[in-house]
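Next come the chains, spelled out residue by residue.
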Amino acid sequence: MEIPELHLEKIKGNPMCFGCGKSNPHSLKMSFFKMAKPVKPNFFLTKYHQSWPGYVHGGALMAALDEGIGWSLFSQGIYAVTANIEIRPEEHGPPGEPLIVSSEIIRKTSRTVEVEARLNRQDDSVVAEAKALLIS
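Residues numbered from 1 in each chain as written. Predicted model: local features only at pLDDT ≥ 70, side-chain atom pairs only at ≥ 80, totals over all residues. Heavy atoms only, no water.

Draft legend 1. Representation of helix H1 (residues 58–74) within the structure. With 17 residues, H1 should reach 24 Å at 1.5 Å per residue; the first-to-last C-alpha distance of 24 Å fits that figure. The set of residues buried in H1 consists of Ala60, Leu61, Ala63, Ala64, Leu65, Glu67, Gly68, Ile69, Trp71, Ser72 and Leu73. (Helix = DSSP H or I, 4+ residues; strand = E, 2+ residues; numbered from the N terminus. Expected span 1.5 Å × (residues − 1). Buried < 20%, exposed > 50% of the residue type's maximum accessible area, 1.4 Å probe, protein only.)

Draft legend 2. Highlighting the pairing of strand E5 (residues 98–108). When strand E3 (residues 42–44) meets E5, the two strands line up antiparallel, connected through three bridges. Looking across to E5, one finds that Asn42 is bridged to Ile100. Pairing analysis gives nine bridges linking E5 to strand E6 (residues 112–121), with the strands arranged antiparallel. Of the residues in E6, the one forming a bridge with Arg107 is Glu114. Linking E5 to E6, which pair antiparallel, is a turn of three residues. (Pairing = 2+ DSSP bridges.)

Draft legend 3. Structural view of the pattern of salt bridges. Applying the stated criterion across every chain yields a total of six salt bridges. The closest approach of N and O atoms between Arg121 and Glu97, which form a salt bridge, is 2.8 Å. In this pair, Arg121 sits in strand E6 while Glu97 sits in the loop between strand E4 (81–89) and E5, placing the two residues 24 residues apart along the sequence. According to the relative accessible area criterion, Arg121 is buried, its value standing at 11%. (Salt bridge = Lys/Arg side-chain N within 4 Å of Asp/Glu carboxyl O.)

Draft legend 4. Quick look at unusual backbone geometry. Notably, Asp124 is not glycine yet its phi reads approximately 80 degrees, a positive angle. As for its position among the elements, Asp124 is in the loop between E6 and strand E7 (126–135). You can call Asp124 exposed: its relative accessible area is 56%.

Draft legend 5. Seen up close, the sheet that holds E7. Across the sheet, five strands lie side by side as E3-E5-E6-E7-E4; this open sheet has antiparallel pairing. Each edge of the sheet is formed by a strand with only one pairing partner; in this case those strands are E3 and E4. Pairwise comparison of adjacent strand axes, ignoring direction, gives a mean angle of 30 degrees for this sheet. (Axes fitted to C-alpha atoms, helices over the stretch in contact; angles between N-to-C directions.)

Draft legend 6. Region of interest: the confidence of the model for the chain. Per-residue confidence for the chain averages 82 on the pLDDT scale, and 84% of its residues sit at or above 70. Mean pLDDT values for the elements of the chain range from 59 in strand E1 (residues 10–11) up to 96 in E7. Within the model, pLDDT remains below 50 along residues 1–8, and this stretch shows 13 contacts once partners closer than five positions in the same chain are excluded. (pLDDT = per-residue confidence, 0-100. Contact = heavy atoms within 4.5 Å.)

As structure tokens, then:
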């Protein structure tokens, strides 16, 4: 499946990254673009990211949310690592659907950043939400 090309500047990452690495055969193959709002990666979770047949694994959802959070901070010049993340799956969609991650900084101190993130389908229905604490 192909995701429709967005006419935005693509952000390049580490080719072997688990989230966005195009040279990593096990990567989620997330793509990131510079946008007016926080970075929104577009990607598919495939049949290789399942738990029960036809259900995306919760760990894959968490990894996608964490990757989106990290890139949205990086795009704003904030370098941080996840200390704690909590996800709330709303629906277990089937593998192969195009998904979009968005995130928003809730609070920033000199050492920590609190972020909320959402994983949506293209129709804007929510697949999962997350709250994370990152250390910078």
